Amino acid sequence: MSRKLMHRLAAFLGLFLSIVPALQAQEYVRPAADLDRLVQELFAEIQSDQVPYEDVYETLLQYYQTPLNLNTATREELRSLLLLSEAQISALLHHREQVGMLLSMYELQSIDGFDLRSIYRVAPFATVLDGIVGGNRGPLWQRVLQEDNNALLVRYERVLQQRKGYTAPDTTSTGRLTSRYAGSPDKLLVRYRVSHAHDFSFGFTAEKDAGEAFSWNPGSRRYGADFYSAHFVVHERGRLKTLALGDYQLQFGQGLLLSSGFQVGKGAETITSIRRSNVGVRPYSSVLENSFFRGAAATFSLSKTLQATAFASWKKVDASIQTSTDSLAEFDEFSSGVLLTGLHRTTTDLANRKDLRELISGGNFTYTSRNSNFSAGLTAVDTHFDKAILRRSEPYNAFEFRGMHNLAVSTHYSYVLHNALLFGETARSSGGGWGTVNGVLASLASNVDASVLYRRYTRDFHTFYGNALSENTRNINESGLYMGLKMRPLYKWEISAYYDQFRFSWLKYQIGAPSQGHDWLLRVAFSPSKTSLLYAQMRLRVKDHDGDLDPVRPVPVPTERRSVLLFYDANPSAALSLRTRLQGTHYRENDGPRRAGYVLAQDVTVAVVPRVQLSARYALFDTDDYDTRQYVFERDVLYAFSVPPLYGQGTRVYALAEVKCSRHLTLWLRYDETHYRHHATIGSGLEEIQGPRRSQVKMQVRYKI
Amino acid sequence: MRKLYSCLCLFLLVSGHTLLAQGNGPGVRGARAAALGNSSVTISDVWAIGNNVAGLGQLTQPTIGFYAENRFLSRAFNTAALVAAFPLGPLANGKPKSGVVGFEAQRFGDKLYSEQRLGVGYGYRGSLVSIGARLDVLQVSIERLGSRRTAALSLGGQAEIIPKQLVLGAYLYNLNQAKLAEYQDERVPTVLKAGLSYRPNNKLMLNLETEKDVEQSADFKAGIEYRLLEALALRAGFATLTEQTTAGLGFQAGHLQIEYAAAWQTVLGLSQHLAISLRLDAK
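Residues numbered from 1 in each chain as written. Chains lettered and ligands numbered in written order. Predicted model: local features only at pLDDT ≥ 70, side-chain atom pairs only at ≥ 80, totals over all residues. Heavy atoms only, no water.

Looking at an unreviewed UniProt entry, one finds chain B named PorV/PorQ family protein and attributed to Hymenobacter jejuensis.

Right under this line is the structure:
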């Protein structure tokens, strides 16, 4: 009792010492979430446009838009915020157990391991409520009607210059017409969603990409827009924890078999982001046209400690189907793989559209001990295609999946031991391939955290929806060891670093021998005040790649990519935010010449009046070639993510206006332009533009109902 | 017209890459900046009108100045500039309430080839942030071939990350990418500079800066200023792109400020900079 009293006292002391006026003190005003800054921390350096950042960003955004209730959040939910160390989570749970529910956010100051910095980081994404989920709720339809988090979103975008794909076709020497896009250069997105955390989520999305045509042709399964998605998800209906109908995503264990868009991988957050959270069934409302499940999924709680999930998904995906000419061939019809772009602009794209039927079913059991320190589970995923998958017969494809059926089974675990969290997953796929990920996150001292992760995926390990931490984009043909460190040696300083070493025991595309590499990052961050941040980051990646030295028999040689980033972010007043970013890269193949890339960008964001916010950037870039191209994160309309590749010499500008017209209506307008020096044309193929400029407009309206 | 530009190209070629900052670029203003390897984007004196217009906002008294520069001991590479800055409105918290307006007239070159500039700038200081904007009318004249005129818009900002100790500055020169001629798409250089200045006490200043012209390699510059006595400052610096090492002195005599700088380029030799500025009593 005296301990409880002490904590309460400490909490109240913190409350009175806080700078917020006493009148406001009872209700902590949740600060606006600075997602752009969070993204800067999570995605340390964007090196490719192949990774679906847009999807990851949107998932994060959805996640962070519904604040986590610190009084009811489970250990797994607290971990999935990626902002708290394991020691802090344990301390919070212990505090809740000893003292009861938190009275206010200020009480966090009285918990061991919570310094002001962590509290400020978490505050935008968390609340303290005493409400218990499943309390006196009315009928579902009433709750849906009363829900605030209910919005319709319409987005339009278009490149202003004429691209080759939209011009009249040429006639080739054989008299055939060259390929052109079927539709207009407009891109349209319509999305509606109503959701409440731990209760329900309904929504639908329709999208037409640039170059795609609106067409009503049930024969080829085209109904207006090119892509539709819809979901219906309810949570916490007694023993039924989650029921999802329509489009959904799944994440279990370390994501070796099932991983949703909810992961960021190697970045400047070197500790928490390498572990995947066991978040289970989640609604899907994004626009990646292939990486989700369509059907039904349900999670039941069998007892207080045991949960079971079953799911089935049935959908058609894009694939180029070929017919075998050899009557003795293993398969009459086969495809070289699932096409992932989701673009259906040309006649070839349309011919491949939805040509492969994919049936996925499986389930998961997870046991979580009563004190939530230990959890373990079993996952099975069965994938069936209606036509065989046969990759092109190249040596690097020798161990790729072939056939129509794949079954993968895995076990995963997670255990808290003092200040360390041990976790892992091991899986086997049909054909004998296996993969394993095991790691430790440890709080070595109150200001030092460390992480270690070992992974090994054999060259014949096959999963289609797995995405555990790896250097490759898929979990195959890789082994590696990752070590991360994060220190706060002084109050305003933070040093984070990681070192990752990897090996690929079989050949890869454009790497004609077993290869290896390593990658390290060091970031020193200084935050002189609550609202400003200054950091310097260095990164080196050495990876083998076929050299240009002998074009007939290429030999992999080490290629080295060094990059430096200096970033300054400040909000000198509530209405003004300034960001300066300097980014440079050196790229070298073996002992070849060193090539360089450079970007200097200045951003300004001004709240002209409380309802209107303007952001703008001016950036200069200069890179020697495509290998030294630069990706710089840009502000975009809500839910969109923009990182255009910059190469050559030129300037990049954008301006973005966000106007809150009323409580219901928000409007975004964006214009961006890349101006290249010394380029007569931009892009290639059907995307080619005549002239040195590429500009784009984007408009988005959100109506909150 | 073709002739004019081939002549111009030849000139730029002959003058080598040490003249990158010229050709209607933002250039160097004041011997203080010159002595610091031109790492001047965070500085707020009267010369800020050309180095980073945001710095103007901190002037409290009307100031006029004269600047002369000779490059490589050649008469053809002389620059002369006259500047003036006037605070607007009464002083509040040690800064003019309505900002500071500045004017500049500059000339580079000789009778054969010359560049003229007329600039007007405005700087405003908030609590920890200063912003500024500037408009230049630029003219290039080549004897017997005529002249060309264009206008360039520039923006600047300075922010105190740690008040009075750590300052960040950024300056964007010619954001409209003003065109001098259609031939070979010749444009006035668009230059973005950003730098940090660390001032642990009121005697010492350490500057680091990067400058990028769209069409040239990036320049990295560093400078140090040490105020030995109240009236005497010692300075040194270097710039990587132009491979220049610089050093200089600054004297304060009442309202008069006299500065001198010398810069050494291994191949091309010595350049000298002299600046005099006078603070006038506010009315």
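Take the overall build of chain A next. Scanning chain A from N- to C-terminus turns up eight helices and 35 strands. Expected size for 705 residues packed as a compact globule is a radius of gyration near 27 Å; at 26 Å, chain A falls within 12% of this value. On the principal axes, the C-alpha backbone points of chain A span a range of 90 × 55 × 55 Å. Taken over 705 residues, chain A has a buried fraction of 53%. In chain A, the share of contacts with a sequence separation of at least 24, taken over all contacts with a separation of at least 6, comes to 61%. Roughly 31,400 Å² of accessible area belongs to chain A as shown, and the carbon and sulfur atoms make up 58% of that amount. Looking at charge distribution, chain A has the averaged site of its 81 positive side-chain charges lying 4 Å from that of its 71 negative ones. (Helix = DSSP H or I, 4+ residues; strand = E, 2+ residues; numbered from the N terminus. Rg over C-alpha atoms; globule rule 2.2 N^0.38 Å. Buried < 20%, exposed > 50% of the residue type's maximum accessible area, 1.4 Å probe, protein only. Contact = heavy atoms within 4.5 Å. Areas by Shrake-Rupley, 256 points an atom, 1.4 Å probe, with all protein chains shown as cover. Lys, Arg positive; Asp, Glu negative; His and termini not counted. Charge placed at Lys NZ, Arg CZ, Asp CG, Glu CD.)

We now examine the overall build of chain B. Along the backbone of chain B there are three helices and 18 strands. The C-alpha atoms of chain B give 18 Å as radius of gyration, which agrees with the globular expectation for 283 residues (19 Å, within 12%). On the principal axes, the C-alpha backbone points of chain B span a range of 55 × 40 × 30 Å. Taking contacts inside chain B between residues at least 6 apart in sequence as the whole, the part at least 24 apart equals 48%. Counting only carbon and sulfur atoms, one obtains 64% of the accessible surface of chain B, whose full area is about 12,200 Å². Placing the 28 positive and 21 negative side-chain charges of chain B at their respective mean positions leaves the two points 4 Å apart.

This part covers the interface of chain B and chain A. Contact with chain B, which involves 27 residues of that partner, is made by 24 residues of chain A. Counting the surface lost from both chain B and chain A, the interface buries some 2,200 Å², and carbon and sulfur atoms represent 70% of this. Applying the counting rule to chain B against chain A returns two salt bridges. The residue A:Asp622 makes a salt bridge to B:Lys212 at a minimum N-O spacing of 2.8 Å. Applying the counting criterion to the chain B and chain A interface returns 10 residue pairs in polar contact (both at pLDDT 80 or more). Those elements giving two or more residues to the side of chain B that touches chain A turn out to be strand E8 (146–162), strand E9 (166–173), strand E12 (191–198) and strand E13 (204–213) of chain B. In terms of residue class, the side of chain B that touches chain A is built from 15 nonpolar, six polar and six charged. (Buried area = accessible area lost by both parts, 1.4 Å probe. Salt bridge = Lys/Arg side-chain N within 4 Å of Asp/Glu carboxyl O. Polar contact = N/O pair within 3.5 Å; in protein donor to acceptor, adjacent residues only side chain to side chain. Nonpolar A, V, L, I, M, F, W, Y, C, P; charged D, E, K, R; others polar.)

Any two packed helices are characterised by how steeply their axes cross, that is the angle between the axes, and by the distance between the axes. Residues and elements named next belong to chain A. In contact at an axis separation of 12 Å, helix H2 (residues 35–42) and helix H3 (residues 53–65) are set at 130 degrees when each is read in the N-to-C sense. Considering their axes alone, H2 and H3 lie oblique with respect to each other. Crossing of H2 over H3 shows right-handed handedness. For the pair H2 and H3, the contacting residues are Leu35, Asp36, Leu38, Val39 and Leu42 in the first and Tyr57, Leu60, Leu61 and Tyr64 in the second. In terms of residue class, the contact of H2 with H3 is made up of eight nonpolar, no polar and one charged. (Axes fitted to C-alpha atoms, helices over the stretch in contact; angles between N-to-C directions. Parallel < 35°, antiparallel > 145°, perpendicular 65-115°, else oblique. Left-handed = near helix turned anticlockwise from the far one by under 90°.)

Here we take up the confidence of the model for chain A. Per-residue pLDDT for chain A averages 87, and the proportion of residues at 70 or more is 94%. This model gives residues 12–26 of chain A a pLDDT under 50, and the stretch forms nine contacts once residues within four places in sequence are excluded. (pLDDT = per-residue confidence, 0-100.)

The next thing to look at is the side chain of A:Glu269. All names here are of chain A. Tracing the backbone through its elements, the reader meets glutamate 269 in the loop between strand E9 (240–251) and strand E10 (280–283). Side-chain polar atoms of glutamate 269 contact the side chain of lysine 486, separated by 2.8 Å. In this structure, glutamate 269 is in contact with Glu41, Leu42, Leu82, Arg121 and Lys486, ignoring residues within four places of it in sequence.

Right, let's get into the nonpolar core. Residues and elements named next belong to chain A. Membership of the largest hydrophobic core comes to 46 residues, with the highest contact counts inside it found for Phe43, Tyr64, Leu70, Leu78, Leu108 and Phe641. For this core, the element with the highest residue contribution is H3, accounting for seven residues. Apart from residues lying up to four places away in sequence, phenylalanine 43 is in contact with Tyr53, Val56, Leu60, Val264 and Phe641. Membership of the second largest hydrophobic core comes to 34 residues, among which are Ala297, Val416, Phe461 and Tyr465. (Core = buried A, V, L, I, M, F, W, Y, C linked by side-chain atoms within 4.5 Å.)

Residue and element names in this part refer to chain A. Under the defined criterion, the tally for this structure stands at 31 aromatic pairs over all chains. Between tyrosine 284 and phenylalanine 292, the aromatic rings sit 4.7 Å apart at their centres with planes inclined by 15 degrees, giving stacked as the arrangement. Exposure class is identical for tyrosine 284 and phenylalanine 292. Each is buried. The interplanar angle of 75 degrees and the centroid separation of 5.8 Å between the aromatic rings of phenylalanine 621 and tyrosine 676 together place this pair among those described as edge-to-face. Of this pair, phenylalanine 621 sits in strand E28 (residues 612–623) while tyrosine 676 sits in strand E32 (residues 665–676); the two residues are 55 residues apart in sequence, bridging distant segments of the chain. Ring pairs connect the aromatic residues Tyr248, Phe293, Phe311 and Tyr465, which therefore count as one cluster. A cation over a ring is seen here: lysine 315 above phenylalanine 292, with NZ or CZ 5.1 Å from the ring centre. If you follow lysine 508 out to its NZ or CZ, it ends over the ring of phenylalanine 504, 3.7 Å from the centre. (Phe/Tyr/Trp six-rings, centres within 6.5 Å; stacked < 30°, edge-to-face > 60°. Lys NZ or Arg CZ within 6 Å of the ring centre and 35° of its normal.)

Residues and elements named next belong to chain A. Judged by how many residues are buried, H2 sits mostly within the fold: eight of eight residues are covered. All buried positions along H2 are accounted for by Leu35, Asp36, Arg37, Leu38, Val39, Gln40, Glu41 and Leu42. Buried residues along H2 sit in contact with H3, helix H6 (116–122), strand E23 (515–529), strand E24 (532–546), strand E25 (556–573) and strand E26 (576–589).

Residue and element names in this part refer to chain A. Positionally, arginine 503 belongs in strand E22 (residues 493–504). Classification of arginine 503 by relative accessible area gives partly exposed; the value is 42%. Separated by 23 residues in sequence, arginine 503 and glycine 480 place their C-alpha atoms 6.2 Å apart. Ignoring sequence-local partners within four residues, the contact set of arginine 503 consists of Asn477, Glu478, Ser479, Ser515 and Gln516.

Moving on, we get to the pairing of strand E7 (residues 129–142) of chain B. All names here are of chain B. Taking burial as the measure, the 14 residues of E7 include 10 buried ones, the bulk of the element. Relative to E7, strand E6 (residues 113–125) runs antiparallel, the two sharing 13 bridges. Paired with leucine 118 across the strands is valine 137, a residue of E7. Counting the residues between successive antiparallel strands, the hairpin from E6 to E7 contains three residues. Where E7 lies against E8, 14 bridges are found, and the strand directions are antiparallel. Considered in E8, the bridge of serine 130 is made with glutamine 158. Connecting the antiparallel pair E7 and E8 is a turn made up of three residues, with arginine 144 showing a positive phi of about 70 degrees. (Pairing = 2+ DSSP bridges.)

In this section: the side chain of A:Asp672. Residues and elements named next belong to chain A. As for its placement among the helices and strands, aspartate 672 is situated in strand E32. Here arginine 652 takes part through its side chain, which lies 3.4 Å from a polar atom of the side chain of aspartate 672. A distance of 2.7 Å separates the side chain of aspartate 672 from the side chain of arginine 670, its partner in a polar contact.

Okay, the pattern of salt bridges next. All names here are of chain A. Scanning the model with the defined rule gives 62 salt bridges over all chains in all. Linking arginine 652 and aspartate 672 is a salt bridge whose minimum nitrogen-to-oxygen distance equals 3.4 Å. Here arginine 652, found in strand E31 (residues 649–660), pairs with aspartate 672, found in strand E32; they are 20 residues apart in sequence, far enough to count as distant. Judged by relative accessible area, which is 5%, arginine 652 ranks as buried.

Here the focus is the pairing of strand E1 (residues 63–70) of chain B. On a regular strand, each side chain points to the face opposite its neighbour's, so the side chains alternate between the two faces of the sheet. All names here are of chain B. As defined by bridge partners, E1 adjoins strand E2 (residues 78–87) across eight bridges and the pair is classed as antiparallel. Bridged to isoleucine 64 within E2 is alanine 84. Two elements, E1 and strand E18 (residues 269–279), share eight bridges in a ladder whose sense is antiparallel. Bridge pairing in E18 links asparagine 70 to glutamine 272.

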